[in-house]
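Breakdown of the fold
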Amino acid sequence: MPTFSNPVLAGSHPDPSICRVGKDFYLVTSSFAYYPGIPVLHSRDLVGWQPLGHVVDRPSQVSLTGLDVSDGLWAATIRHHEGTFYVVVALAKGRQGSTTYLFTASDPAGPWSDPVVLEAEGIDPSLFFDDDGRCWFTACRDAAEPEVTGPGELWMRELDLGRLALTGPTHALWYGAMRGAWVEAPHLYKRDGVYHLIGAEGGTGRHHAVTAARADAVTGPYSTDPRSPLLTHRHRGAAEPIHHVGHADLVDTPAGETWAVALGVRQLDGTHTLGREVFLVPVEWTADGPVFAPDTGRVRLSERLPAGAGAGAVAPAGPVRDDFGGPALGPEWSSLRGPVGHLVSTGPGEGGLTIRLSPEPLTGTGTPAFVARRQQHLRMRARARVRFTATAPTQEAGLVVFQHAHHATLALTADAAGTPHVVLTAREAGSPTRLGAVAVTSDEVVLVVDSDESGYTFHVEDGTWTTLGSIERPFFSTERAGGFVGVNLGLYGIGGADAGEAHVHWFEYAPAR
């Protein structure tokens, strides 16, 4: 039987949501404080995904300035109805939902509209279009009586599609199957006249689980599916390759199958660095409701292909080299909290990437001179050829391994005498530790980072190969660094207002065996 390899979207792609239009599938994920926000991807077979663009690609749409890396745009939902695509998302501040936005587009590749602010509290908004054409908005929020019902509440209001505003009464739908746990990620589906409410409980860590309720009317009352949890790995041991499974969304294929996209992490020795990734899970409908992974009851690294998908749906991953020759960065690159066009430019002149040094630190809440792409493989090598002439130790540019409150920089800089050096520095919660340094004979070097099961090792090529040091892998893990994101591999420049520019000739990312 032809198979594919999970995850179908590797690296930090949390909280997936999916819809289908004809033969085409569209998917969005959380982006937090990274910009552009809310990536949109396209597939014809659910396995191979290609980026189309982003919902938030103009700073006038949403301001992310001042936000922590793991705040920002949380858990968007994408739906399609009568020629229009809809995305709803919560903007989080201080780890709480602050504003709910609705975006629309006729083409999922964009442009997407300026947002409409909905009168909604909480997080994880979703939309459900019923057979009669009415649209229902669901989300989760703090329960009014947590000591009675449990801490979380899934709730609903109707969305007036003409005014793009919530209307009518608010309906409390469900408080979850695990009354001591927060319930979130509500998505509604209708099957044979029955409404099925899928949620997530147990937090987004190792106790994460998919739970469900059902009702005969869209507004309820909803009764807990006694089979809950319908999907979880919280009961599996440390040898299980996939953990934290939850936050599912369902889609039907043209061949009549149902599949779920869900988040999970590939954990090693109790920690993970790649973030929450997108896994594809088969689903069957029964008289009791959906059955996830009916043959095994678990998410697998190797799974049968969806009906109609080609056996060669995804080519093996190979090296990716970016010479930055185009007019703009590719869709795999992100910045923090806003566009960096005034700090980072591509293409003109000698080609490559030009980074204008900025005083904004990577640990701040502004927009530093920084662009990055997700790490997608535990074993990999990233390299960049960088030219930079520093005149003081406060000026630096180079390669960064970035994970929420922790990051490590491998940078071209200068010592107090102005001699060019490459310096390796680890920063934990803003506190720097110099791990290694070497004088170099040129202001142009190749900076290298290798990653494997044990950790990250940093090198410099300057006519000779020098290893500056290593950092254990758990240092960059979510369990140690905190937050909701995975490791990003980036290029950056820090210095005073007139500290000059660094030039990156190319960047290469290569999976390793």
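Quick note: structure is the one above.
Sequence order as written defines residue numbering, which begins from 1 separately in each chain. Selection of residues for local features in this predicted model requires a pLDDT of at least 70, selection of side-chain atom pairs for listing and counting requires 80 or more, and totals for whole chains, interfaces and linings are taken over all residues. Note: side-chain values were computed over all heavy atoms of the structure, leaving out hydrogens and water.

1. Describing the sheet that holds strand β14 (residues 165–174)
Judged by pairing direction, the sheet is antiparallel, and its four strands sit side by side in the order β11-β12-β13-β14 without closing on themselves. Edge positions in the sheet fall to β11 (123–129) and β14, since each of these pairs with one other strand and no more. In this sheet, neighbouring strand axes are inclined to one another by 25° on average, regardless of whether the strands run parallel or antiparallel. In this structure, strand β12 (residues 135–142) lies alongside strand β13 (residues 152–160), joined through eight bridges in antiparallel fashion. Looking across to β13, one finds that T138 is bridged to M156. Pairing between strands is defined by DSSP: at least two bridges between them are needed. Working definition: helices are DSSP H or I runs of at least four residues, strands are E runs of at least two. Numbering for both runs from the N terminus. Interaxial angle, 0 to 180 degrees, is taken between N-to-C directions of lines fitted to C-alpha atoms, where a helix line uses only the stretch in contact.

2. A look at the pattern of salt bridges
Note on definitions: salt bridges are taken to be side-chain nitrogens of Lys or Arg within 4 Å of carboxyl oxygens of Asp or Glu. All chains considered together, the criterion is met by 32 salt bridges. In this structure, D323 and R321 form a salt bridge, with 3.5 Å as the shortest nitrogen-oxygen distance. Classification of D323 by relative accessible area gives partly exposed; the value is 43%. Summary of the burial criterion: residues with accessible area below 20% of their type's maximum are buried, those above 50% are exposed, and those between are partly exposed, where the area comes from a 1.4 Å probe applied to protein chains only. Judged by relative accessible area, which is 40%, R321 ranks as partly exposed. The network of salt bridges with shared partners includes R321, D323, R383, E461 and E508.

3. Re the packing of aromatic side chains
Only centres within 6.5 Å qualify two rings of Phe, Tyr or Trp (six-membered ring in Trp) as a pair; their planes then separate them into stacked at under 30 degrees, edge-to-face at over 60, and tilted for everything else. Inspection of every chain in the model, using the stated rule, returns 13 aromatic pairs. Ring plane angle 65° and centroid distance 4.7 Å describe the contact between Y456 and F476, whose orientation is recorded as edge-to-face. Placement of the pair is Y456 in strand β36 (residues 455–461) and F476 in the loop between β37 (465–472) and α2 (478–481), with a sequence separation of 20 residues. Classification of F476 as buried rests on a relative accessible area of 0%. By definition, being over a ring means that NZ of Lys or CZ of Arg is both within 6 Å of the ring centre and within 35 degrees of the ring normal. A cation over an aromatic ring shows up here: R321 above the ring of W506, its NZ or CZ 4.0 Å from the ring centre.

4. So, the pairing of strand β28 (residues 353–356)
Pairing of strand β27 (residues 344–346) with β28, which is carried by three bridges, proceeds in the antiparallel orientation. By the bridge assignment for β28, V344 is matched with I355. Two elements, β28 and strand β39 (residues 501–511), share four bridges in a ladder whose sense is antiparallel. Each bridged residue has a counterpart across the sheet, and for I355 the counterpart in β39 is A502.

5. Let's talk about the nonpolar core
Within this scheme, the nonpolar core is defined by two criteria: the residues are buried Ala, Val, Leu, Ile, Met, Phe, Trp, Tyr or Cys, and they are joined through side-chain atoms within 4.5 Å. Core analysis: the largest hydrophobic core is formed by 46 residues, its most contacted members being V422, F458, L491 and F507. By size, the runner-up hydrophobic cluster in this structure holds 33 residues, among which are A75, F128, L188 and F370.

6. Details of the pairing of β14
Here β13 runs beside β14; their pairing, made up of six bridges, is antiparallel. Note that in β14 the partner of E158 across the bridge is T167. Following β13, the chain reverses through four residues before pairing antiparallel with β14; L164 in that reversal takes a positive phi of roughly 50°.

7. A look at the environment of R44
The topology assignment puts R44 in the loop between β5 (37–43) and β6 (50–56). Under the relative-accessibility criterion, R44 is labelled exposed at 54%. Sequence separation of R44 and E158 is 114 residues, and the distance between their C-alpha atoms is 31 Å. We call two residues in contact whenever any of their non-hydrogen atoms come within 4.5 Å of each other. Leave out the neighbours within four places in its chain, and R44 touches K23, D24 and F25. Each polar contact in these results corresponds to two N or O atoms within 3.5 Å; when the atoms are within protein, one needs to be able to donate a hydrogen and the other to accept it, and residues that are neighboring in sequence are counted only if both atoms are side-chain atoms. A distance of 2.6 Å separates the side chain of R44 from the side chain of D24, its partner in a polar contact.

8. Some words on unusual backbone geometry
Note on backbone geometry: most residues besides glycine have negative phi, and most peptide bonds are trans. The peptide bond linking G220 to P221 adopts the cis configuration, its omega dihedral lying at 10°. Position of P221 relative to the elements: it lies in the loop between β17 (209–215) and β18 (223–224). Note the cis peptide between S228 and P229, where omega equals 0°. Relative to the helices and strands, P229 is located in the loop between β18 and β19 (231–232). The phi torsion at R95 lies on the positive side, around 65°, for a residue other than glycine. Counting through the fold element by element, R95 comes out in the loop between β8 (84–93) and β9 (96–105).

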